[in-house]
Amino acid sequence: MNNPTEKPRPLPRSAYRVFRPITTRWMDNDVYGHVNNVVYYSWFDTAVNAWLIEQGVLDIHGGDTIGLVIETQCNYFASLAFPQTVEAGIRVARLGHSSVRYEVGLYAQGEEFAAAQGHFVHVYVDRQSRRPAPLAAPLRAALETLT
């Protein structure tokens, strides 16, 4: 992300490792004619978790560990609206023992600079005890490709 002492500015596509398309829906727009801010957080979650499932490192129904969001933040630079296609860029900014800071940039299809960007932190915990658990080796290996 940006330096925390500077005003946030949109990052170019080259700042992210992988991209996932997201189709906007009619219901995403609010009365002001653009996507409501809460939808952006849903897109962060959707982009990251879909990528993890595709990599075979997240089993949402039967995995031993689950990722709980403990922190999230977003900066907005330009409006997005239905019926645009959004492209979510994903990268990993920090990989800890049991936590990951994901950074996501949301781009209007074909645009060079992010319309919005932010982050969220997952702490991986044991599904039953809800206590922090070390990142499994396959998960860590997949996440390292996004650093």
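Now for a look at the structure at hand.

What counts and how
Residues numbered from 1 in each chain as written. Predicted model: local features only at pLDDT ≥ 70, side-chain atom pairs only at ≥ 80, totals over all residues. Heavy atoms only, no water. Salt bridge = Lys/Arg side-chain N within 4 Å of Asp/Glu carboxyl O. Helix = DSSP H or I, 4+ residues; strand = E, 2+ residues; numbered from the N terminus. Buried < 20%, exposed > 50% of the residue type's maximum accessible area, 1.4 Å probe, protein only. Contact = heavy atoms within 4.5 Å. Core = buried A, V, L, I, M, F, W, Y, C linked by side-chain atoms within 4.5 Å. Phe/Tyr/Trp six-rings, centres within 6.5 Å; stacked < 30°, edge-to-face > 60°. Pairing = 2+ DSSP bridges. Axes fitted to C-alpha atoms, helices over the stretch in contact; angles between N-to-C directions. Expected span 1.5 Å × (residues − 1).

So, on to the pattern of salt bridges. A complete count under the given rule lists 6 salt bridges for this structure. Residue E103 is joined to R91 by a salt bridge in which the shortest nitrogen-to-oxygen separation is 2.7 Å. Of this pair, E103 sits in strand 4 (residues 99–108) while R91 sits in strand 3 (residues 85–95), placing them 12 residues apart in sequence. For the pair formed by E103 and R91, the shared burial category is buried. One continuous salt-bridge network, built from bridges that share partners, spans R91, R101 and E103.

In this section: the environment of Q109. In this fold, Q109 is placed in the loop between strand 4 and strand 5 (116–126). Between the C-alpha atoms of Q109 and E87, which are 22 residues apart in sequence, the distance is 5.9 Å. Among all residues touching Q109, those that are not within four sequence positions of it are R13, T85 and E87.

Among the nonpolar cores identified, the biggest contains 31 residues, and Y40, W43, L52, L80, Y102, L106 and L143 are the most heavily contacted of them. At 8 residues, the largest contribution of residues to this core is made by helix 1 (residues 37–54). Among residues more than four places away in sequence, those in contact with L52 are V57, L58, Y102, Y124, L139 and L143. Counting 5 residues, the second largest nonpolar core, distinct from the first, contains L11, A15, Y107 and A114.

Moving on: the packing of aromatic side chains. Within this structure, the stated rule accounts for 8 aromatic pairs. Ring geometry for Y40 and W43: centres 5.4 Å apart, planes at 50 degrees, overall tilted. Taken together, the residues Y40 and W43, both in helix 1 and 3 residues apart, mark about one turn of the helix. For the pair formed by Y40 and W43, the shared burial category is buried. Seen in terms of ring centroids, Y41 and F44 are 5.9 Å apart; in terms of plane orientation they differ by 65 degrees. Their pairing is edge-to-face. Highlighted residues: Y41 and F44, both in helix 1, separated by 3 residues, approximately one helical turn.

Attention now goes to the sheet that holds strand 2 (residues 65–76). Read across the sheet, 5 strands follow the order 1-3-4-5-2 without closing on themselves; strand pairing throughout is antiparallel. At either end of the open sheet lies a strand with only one pairing partner, and these are strand 1 (18–23) and strand 2. Across this sheet, the average inter-strand angle for adjacent strands is 25 degrees, counted without regard to direction. Across 11 bridges, the pairing between strand 2 and strand 5 is antiparallel. Looking across to strand 5, one finds that G67 is bridged to Y124. Here helix 2 (residues 137–144) sits on the sheet and contacts strand 3, strand 4 and strand 5; the angle it forms with strand 3, its principal contact strand, is near 115 degrees.

Compared with an ideal rise of 1.5 Å per residue, which puts 18 residues at 26 Å, helix 1 spans 27 Å between its outermost C-alpha atoms and is within 8% of the ideal. Within the span of helix 1, buried status applies to V39, Y40, W43, F44, A47, V48, N49, W51 and L52. Residues of helix 1 that are buried in the fold lie against strand 1, strand 2, strand 3, strand 4, strand 5 and helix 2. Of the residues flanking the end of helix 1, it is G56, one or two places downstream, whose phi is positive at about 80 degrees.

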